[in-house]
Amino acid sequence: MAGASAPQVRPATLYPPPGSVPPTNSSEVQHWLKELDLSGAPDICLNQGNPPQCDSIVDPNSCHWSCHNCAADDVVACPDLNIWGLSFDDGPTNITPDLLEFLQEHQVRASFFLIGGNVVLRPDIVYEMLTQGHHIASHTWSHKALTTLTNEEIVAEVKWTEKAIEDTIGYRVKYLRPPYGDIDDRVRFVLKKMGYIVVDWGGDTFDVQDWRISGGQVTPSQVIINFEAALDTHVESHSYSRGGFISLEHDVTVDTFAVAKELIPYGLSKKIDIQPIAKCLHDAHPYQTTLSAEHMPVKSNNSSVNRVTHRPTIITTTTTSTATPIKSLATVQAHKSKNSTQERAESDRMAAKIARSASAISSAGAADYDPVTWLGAALGSLLTMAMVWM
Ligand SMILES: [Zn+2]
């Protein structure tokens with residue numbers, strides 16, 4: 001799905017600081033709020049804590065997912081037999097390039113539920129995810145428990161993440177996983193107003209529990225043994241006949257990567273078909289938009305030719321994050337020469353990149369990426385690039 005041409009450098013100051021709930025009094029958030037009618041939101045009291053402890057959930061009738069196992073109409077499983085809906089939360093991080101390379105080697109595609117504050121620090125990796133055929137989704141801006149936030153703060157968390165991803169890949173995300181699985185009916189109402197499909201996971205059985213490694217509660221080898229046993233049980237037991245499943249897994253550290261490196265080949269050896277979430281749901285349109293209007297070529301006032309007025313962007317890392325910068329496409333793009341010959345070479349390189357994307361994405365499956373839609377987007381991107389470099 002070639003939704004974007006190469007990322008460009010864009011100041012991180014255009015986005016809220018990573019790691020904090022974005023302020024709701026900014027002009028951007030106020031604009032987003034004006035577009036939403038939240039007047040019918042369920043009157044459920046805010047919880048406390050990050051995440052809230054289950055015995056502290058204020059309203060026992062709020063249909064809380066992770067504490068009361070109440071999923072409402074959240075997605076919790078892949079419907080078809082023998083399908084593993086693979087997803088990684090909390091990226092992009094410094095380990096993500098290694099994970100992407102590993103997935104590429106095994107021809108496996110996944111859904112990545114990304115933290116918006118991380119996206120603006122590593123947009124080149126997000127762009128690479130798209131070109132390799134993975135499915136990109138939201139995990140909010142700062143990873144705060146959503147049932148503890150006001151409706152307005154939830155909008156700020158989700159819309160800033162949506163914008164950061166759209167600025168990077170050219171598509172508006174459609175799927176969201178609430179941090180910690182902390183969601184109730186009030187949060188669901190607000191998310192649906194913004195067009196989101198909520199994805200939880202297959203309960204304790206399919207929680208890989210890799211998030212417990214960093215706290216020393218469990219070792220990587222224990223995690224691997226436990227989840228391999230869950231896969232065995234799923235394949236061999238009657239539960240197998242009830243359809244596929246969605247796992248909860250993370251893209252954060254060397255240890256979480258080590259777990260993925262063991263579990264994915266194990267699943268493949270069991271003849272389980274591993275797919276991104278949108279594909280396992282047979283969603284031919286895994287994003288809210290195709291190519292956003294913002295990224296479409298428009299007529300320039302100063303020229304008779306169409307020009308792109310805004311392209312997906314790389315954000316310069318001027319914030320105070322402690323994250324280690326990664327040498328990347330961003331660096332290449334940031335120092336791109338203005339020399340026309342070099343520009344032409346760059347255009348050719350990008351065309352080749354888009355062609356590789358086509359190959360990767362088509363191998364990801366038609367159900368996930370409708371070929372007609374994709375072909376249109378790909379041709380649009382190639383046309384866009386041609387116009388940009390003319
Ligand atoms: Zn998370």
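Chains are numbered independently. Their residues run from 1 in the order of the written sequence. Local features are withheld for residues below a pLDDT of 70 in this predicted model, meaning they are given only at 70 or higher, and side-chain atom pairs are given and counted only at 80 or more; totals for whole chains, interfaces and linings count all residues.

- As annotated in an unreviewed UniProt entry, the chain carries the name Chitin deacetylase and is attributed to Dissophora globulifera.

### Considering the packing of helix α1 (residues 27-34) against helix α6 (residues 151-169)
- It is the contact of α1 with α6, at a shortest axis distance of 10 Å, that shows an interaxial angle of 110 degrees. As summarised for this structure, α1 and α6 are arranged roughly perpendicular, according to the angle between their axes. Touching V29, W32 and L33 of α1 are E152, V155, A156 and K159, all from α6.
- Any residue that is not Ala, Val, Leu, Ile, Met, Phe, Trp, Tyr, Cys, Pro, Asp, Glu, Lys or Arg is counted as polar, Gly included; the first ten are nonpolar and the last four charged. For the contact of α1 with α6, the residue count by class is five nonpolar, no polar and two charged. Lines fitted to C-alpha atoms define the axes here, with helix axes fitted over just the stretch in contact, and angles between the N-to-C directions of these axes take values from 0 to 180 degrees. Helix numbering and strand numbering both begin at the N terminus, where a helix is a DSSP run of H or I of at least 4 residues and a strand a DSSP run of E of at least 2. For classification purposes, angles smaller than 35 degrees are called roughly parallel, those larger than 145 roughly antiparallel, those between 65 and 115 roughly perpendicular, and all remaining angles oblique. Here the contact rule is simple: place C-beta atoms from the backbone, and any two residues whose C-beta atoms are within 7 Å are in contact.

### Regarding the sheet that holds strand β2 (residues 83-85)
- A strand pair is defined by DSSP finding two or more bridges across the two strands. Here three strands make up an open sheet; going across it, the order is β8-β2-β9 and the pairing parallel. Each of the sheet's edge strands pairs with one partner strand only, and the pair in question is β8 (245-246) and β9 (273-275).
- Pairing of β2 with β9, which is carried by three bridges, proceeds in the parallel orientation. Bridge pairing in β9 places I83 opposite D273.

### Thoughts on unusual backbone geometry
- N50 connects to P51 through a cis peptide bond whose omega is 5 degrees.
- Relative to the elements of secondary structure, P51 occurs in the loop between α1 and α2 (65-68).
- Following G91, the chain continues to P92 via a peptide bond in cis, the omega torsion being -5 degrees.
- The phi dihedral of K271 falls on the positive side, at around 65 degrees, and the residue is not glycine.
- Mapped onto the elements of the fold, K271 is located in the loop between α9 (254-269) and β9.
- Classification of K271 by C-beta neighbours within 10 Å gives exposed; the count is 8.
- Notably, H282 is not glycine yet its phi reads approximately 60 degrees, a positive angle. The burial criterion counts other C-beta atoms lying within 10 Å of a residue's C-beta, which is placed from the backbone; the residue is buried at 20 or more, exposed at 12 or fewer, and partly exposed between these limits.

### Points about the nonpolar core
- Residues V126, I136 and Y175 are the most contacted members of the largest nonpolar core, which totals 79 residues.
- Residues in contact with I136, not counting those within four places in the same chain, are F112, L114, V126, M129, L130, I165, I169 and V173. As used throughout, a nonpolar core is a set of buried Ala, Val, Leu, Ile, Met, Phe, Trp, Tyr and Cys residues joined through C-beta atoms within 7 Å of each other.

### Some points on α9
- In this model α9 runs 23 Å from its N-terminal to its C-terminal C-alpha over 16 residues, within 8% of the 22 Å that 1.5 Å per residue would give.
- Listing the buried residues of α9 in full gives T256, F257, V259, A260, L263, I264 and G267. All buried residues of α9 fall inside an arc of 150 degrees around its axis, so they share one side. Away from the buried face of α9 by more than 90 degrees, exposed residues V254 and S269 are located.
- Tucked into the core, α9 has its buried residues touching β2, α3 (96-105), α8 (220-236) and β9.
- Just past α9, the residue K271 takes up positive phi, approximately 65 degrees. For a helix, the expected span equals 1.5 Å multiplied by the number of residues minus one. In this description, one arc is meant: the one made by directions from the helix axis to the C-beta atoms.

### A closer look at the environment of L38
- Looking at the secondary structure, you find L38 in the loop between α1 and α2.
- For L38, a count of 15 C-beta atoms within 10 Å puts it in the partly exposed group.
- Taking the C-alpha atoms as reference points, L38 and N151, separated by 113 residues in sequence, lie 7.8 Å from one another.
- Non-local contacts of L38, meaning those with residues more than four positions away in its chain, are made with N151, V190 and K193.

### A short note on the environment of A260
- Topologically, A260 is positioned in helix α9.
- The exposure class of A260 is buried, given the 25 C-beta atoms found within 10 Å.
- Spatially, the C-alpha atoms of A260 and D210 are 9.2 Å apart, while their sequence positions differ by 50 residues.
- In this structure A260 touches L99 and E249, once residues within four positions along its chain are discounted.

### Brief notes about the pairing of strand β5 (residues 135-138)
- Of the two faces of β5, the one holding H135 and A137 and the one holding I136 and S138 are both buried throughout.
- Examined bridge by bridge, strand β4 (residues 111-114) and β5 share four bridges and lie parallel to one another. Paired with F112 across the two strands is I136, which belongs to β5.

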